[in-house]
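# Commentary on secondary and tertiary structure
Each chain, written out:
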Amino acid sequence: MLVEESIWIAEKIKEILPEEPFPVLNIGSSTLVYRTKKQPFIQNNIFNLFSDEKKQVIHLDMKEDEGIDLVGDLSDENFRNEVKKLKPKLILCNNILMYLNKNTRKKLSNTLYEVLDKNGYLIITNSLVFPPSPDPVEAYYRATPEKMYKSLFANFYLIDQNIAKTEYSFYKFLQSKPKLILIKLLRFFMPWYKSKEWWFMMKYYLSGIKKNYSATCLFLKKETNG
């Protein structure tokens, strides 16, 4: 997550906190160490907003670790039904879509709509300008707010959208690590190794290497009658 992305998320949460949108379901939460040590701005900017995080926020992930309250796979119907019983009023789902293929992204969108309680809120973000993650299941999905909303979340009411921009780019990152430039140059001559990553990176180098990192952000509501 980008710092600027976390700030935008916090601003949207503040808009609805007077409604007491609890419980909050944080999907793909990762660990307590990740939220408080590796990227402490996640905790400081987002979860410190809640007066009693242990009661108000449910951190969900597929792996068991410290700081994860609920472990399971939302593609499993039984687990999904259990989550649905929690009636989350606000769902946070950040930087997950980039790891999913087209069909799985759509399934996740439908799942989020199904699990979210009526008239609940969804804050979802995804990398827009960013090099591929080292995670081996990276699907290289990068979409503008408009495209992401129309293709995946048109069944929600769009409250707000944003591109959270930073002052940092991959070009600046390489300047700070000159040894890495040689590695990247050698990688240019190895298109057969992780070919999908290679093609993504070549496109990224040509069009986005000097562009500052950014993230697509959507603030949505599940509007239901009755």
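Residues numbered from 1 in each chain as written. Predicted model: local features only at pLDDT ≥ 70, side-chain atom pairs only at ≥ 80, totals over all residues. Heavy atoms only, no water.

Turning next to the environment of Phe22. Mapped onto the elements, Phe22 comes out in the loop between helix H1 (3–16) and strand S1 (24–27). Linking Phe22 and Glu146, residues 124 residues apart in sequence, is a C-alpha distance of 28 Å. Apart from the residues within four sequence positions on either side, Phe22 is in contact with Leu17, Phe50, Gln56 and Lys89. (Helix = DSSP H or I, 4+ residues; strand = E, 2+ residues; numbered from the N terminus. Contact = heavy atoms within 4.5 Å.)

Right, let's talk about the layout of surface pockets for a bit. Where empty space is left becomes clear once a probe the size of a water molecule has been rolled over the atoms. Its volume calculated, the largest pocket comes out at about 1,200 Å³. If you trace the largest pocket, you find 43 residues lining it, with Gly28, Asn94, Asn95, Ile96 and Tyr99 closest to the centre. For the lining of the largest pocket, the elements supplying multiple residues, two or more each, are S1, helix H2 (32–38), strand S2 (57–61), strand S4 (90–94), helix H6 (102–115) and strand S7 (212–221). The biggest single contributor to the lining of the largest pocket is H6, with four residues. Tallied by class, residues from the lining of the largest pocket come to 20 nonpolar, 14 polar and nine charged. (1 Å grid on protein atoms, 1.4 Å probe; cavity = no way out; pocket = protein on both sides within 12 Å on 5 of 7 lines; lining within 4 Å. Points joined across faces, edges and corners; volume = space filled by probe spheres on them. Nonpolar A, V, L, I, M, F, W, Y, C, P; charged D, E, K, R; others polar.)

What follows concerns the sheet that holds S7. Spatially, S3-S2-S1-S4-S5-S7-S6 is the arrangement adopted by the seven strands of the open sheet, whose pairing is mixed. Whereas interior strands pair on both sides, the edge strands pair on one side only; in this sheet they are strand S3 (70–71) and strand S6 (157–169). Alignment of S6 against S7, held across nine bridges, turns out to be antiparallel. Among the inter-strand pairings, Leu158 is bridged to a residue of S7, identified as Leu220. Here helix H7 (residues 145–152) sits on the sheet in contact with strand S5 (121–129), S6 and S7, set at roughly 40° to S7. (Pairing = 2+ DSSP bridges. Axes fitted to C-alpha atoms, helices over the stretch in contact; angles between N-to-C directions.)

Right, let's talk about the packing of helix H5 (residues 77–84) against H6 for a bit. Relative placement of two packed helices is described by the angle separating their axes and the distance separating the axes. Their axes nearest at 9 Å, the elements H5 and H6 cross at an angle of 40°. Taking contact as the criterion, the partners of Arg80, Asn81, Val83 and Lys84 in H5 are, on H6, Thr111, Glu114 and Val115. Classifying every residue of the contact of H5 with H6 by side-chain character gives two nonpolar, two polar and three charged.

Nonpolar side chains collect at one region of the surface, where Phe188, Phe189, Met190, Trp192 and Tyr193 lie side by side and expose about 600 Å² of accessible area between them. Relative to the helices and strands, Trp192 is located in the loop between helix H9 (178–188) and helix H10 (195–207). Accessibility expressed as a relative area gives 63% for Trp192, which makes it exposed. (Patch = residues over 30% accessible without salt bridge, like charges linked within 9 Å, V, L, I, M, F, W, Y side chains within 5 Å. Areas by Shrake-Rupley, 256 points an atom, 1.4 Å probe, with all protein chains shown as cover. Salt bridge = Lys/Arg side-chain N within 4 Å of Asp/Glu carboxyl O. Buried < 20%, exposed > 50% of the residue type's maximum accessible area, 1.4 Å probe, protein only.)

With that out of the way, let us pick up the nonpolar core. Grouped together as the largest cluster of nonpolar side chains are 27 residues, with contacts concentrated most on Leu122, Ile124 and Phe153. For this core, the secondary structure elements donating two or more residues are S1, S2, H5, S4, H6, S5, H7 and S7. Ignoring anything within four residues of it in the chain, the contact list for Phe153 reads Leu97, Ser109, Leu112, Leu122, Ile124, Met148, Leu218 and Leu220. Membership of the second largest hydrophobic core comes to 19 residues, among which are Ile16, Phe47, Leu92 and Ile123. (Core = buried A, V, L, I, M, F, W, Y, C linked by side-chain atoms within 4.5 Å.)

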